[in-house]
Amino acid sequence: MKKAFTTLLVAIFATAVFGQTKVEIPIAELPACVSKWVTGNTKDFVIDKAYKSEIKGVATYYARATFTRGTKSYWVESDSTCKNIRKIENPIIEPAPAPKPAPQPSPKPAPQPSPKPAPQPSPKPKKSE
């Protein structure tokens, strides 16, 4: 039983380590046609990240193009020959940004105790004649 459990753990670990198919690559390793497509189809965007995915020997390249004067960006997916190049929303390569926490309602002010009325002076007794 112990051997079977150990073998199972090794198999799971090997799958996790060797099963990764998407790896970040230097931008220079992208096919030239991807860079040419980005510069030819979009103005003021530059490639700032690149990934390569290989499944069953077929390589797919992903490039993130970011606007030079802001935070806009988009992804391009292509094969090595650029016959099937297209703009995609999110290839699920990078983790999604964490959602912003919901704004907390402002705390209600603590109730203020009502002011106590000032003590009334007691009436002076009348002098009898």
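Just so you know, these numbers come straight off a predicted model, no measurement behind them.

Break down the side chain of Thr42 for me, citing the residues and quoting the values.
As for its position among the elements, Thr42 is in the loop between helix H2 (32–41) and strand S2 (45–55). Looking at Thr42, its side chain comes within polar contact range of the main-chain oxygen of Val38, at 2.6 Å. A distance of 3.0 Å separates the side chain of Thr42 from the side chain of Tyr74, its partner in a polar contact.

Break down the state of the cysteines for me, citing the residues and quoting the values.
Throughout the structure, instances matching the rule amount to one disulfide. Each sulfur in the disulfide pair Cys33 and Cys82 lies 1.7 Å from the other. The disulfide joining Cys33 to Cys82 has a torsion of about 75° about its S-S bond and is therefore right-handed. Of this pair, Cys33 sits in helix H2 while Cys82 sits in the loop between strand S4 (73–79) and strand S5 (86–88), placing them 49 residues apart in sequence. Relative accessible area serves as the criterion here: at 27%, Cys33 is assigned to the partly exposed category. Residue classification places Cys82 among the buried residues on the basis of a relative accessible area of 15%.

Tell me what's going on with the pattern of salt bridges, and back it up with residues and numbers.
Summed over all chains, the structure comprises four salt bridges. Put simply, Lys49 and Glu24 hold a salt bridge, and the shortest N to O gap is 3.9 Å. Residue Lys49 is found in strand S2, and its partner Glu24 is found in strand S1 (residues 22–24); the two are separated by 25 residues along the sequence. Owing to a relative accessible area of 21%, Lys49 belongs among the partly exposed residues under this scheme.

A description of the sheet that holds S5 should follow, citing residues and the corresponding values.
Ordered in space as S1-S2-S3-S4-S5, the five strands form an open sheet in which the pairing is antiparallel. The sheet is open, and its two borders are formed by S1 and S5, each paired with just one other strand. Each strand of the sheet is rotated relative to its neighbour by a mean of 30°, with strand direction disregarded. With three bridges joining them, S1 and S2 adopt antiparallel strand pairing. Along S2, the bridge assignment pairs Val23 with Lys52. The sheet strands contacting H2 are S2, strand S3 (58–67), S4 and S5, and the helix crosses S4 at an angle near 140°.

I'd like a rundown of the packing of aromatic side chains, residues and numbers included.
The full count for this structure, using the stated rule, is three aromatic pairs. Seen from their ring centres, Phe45 and Phe67 are 5.3 Å apart, and the 50° between their planes marks the pair as tilted. A residue pair is termed long-range when its members are at least 10 positions apart, and Phe45 in strand S2 and Phe67 in strand S3 qualify at 22 residues. You can call Phe45 buried: its relative accessible area is 17%. Put simply, the rings of Phe45, Phe67 and Tyr74 pair up and form one aromatic cluster. Positioned above the aromatic ring of Tyr74 is the side chain of Lys87, whose terminal nitrogen or guanidinium carbon lies 4.6 Å from the ring centre.

Procedures and definitions
Chains are numbered independently. Their residues run from 1 in the order of the written sequence. Totals for whole chains, interfaces and linings use all residues, but because this is a predicted model, local features are given only for residues with pLDDT of at least 70 and pairs of side-chain atoms are given and counted only at 80 or more. To obtain the side-chain values, all non-hydrogen atoms of the structure were included, while hydrogens and water were left out. Under the DSSP-based scheme used, a helix requires at least four consecutive residues in state H or I and a strand at least two consecutive residues in state E, with every element numbered from the N terminus. For this analysis, a polar contact is any N or O atom pair within 3.5 Å, provided that within protein one partner can donate a hydrogen and the other can accept it, and provided that sequence-adjacent residues contribute only side-chain to side-chain pairs. In what follows, a disulfide is any cysteine sulfur pair within 2.5 Å. Exposure categories follow from relative accessible area, calculated using a 1.4 Å probe and restricted to protein chains: below 20% of the type maximum is buried, above 50% is exposed, and the middle band is partly exposed. Take a side-chain nitrogen of Lys or Arg and a carboxyl oxygen of Asp or Glu: if they are within 4 Å of each other, that pair is a salt bridge. When DSSP finds two or more bridges between two strands, those strands count as paired. Here an angle of 0 to 180 degrees is reported between the N-to-C directions of two axes, which are lines fitted to C-alpha atoms, with helices fitted over the stretch in contact. Should any heavy atoms of two residues lie within 4.5 Å, those residues are considered in contact. Ring geometry is summarised as follows: Phe, Tyr and Trp rings, the Trp one being its six-membered ring, pair when their centres sit within 6.5 Å, and such pairs are stacked at plane angles under 30 degrees, edge-to-face over 60 and tilted between the two. We count a charge as sitting over a ring when the NZ of a lysine or the CZ of an arginine lies within 6 Å of the ring centre and within 35 degrees of the ring normal.

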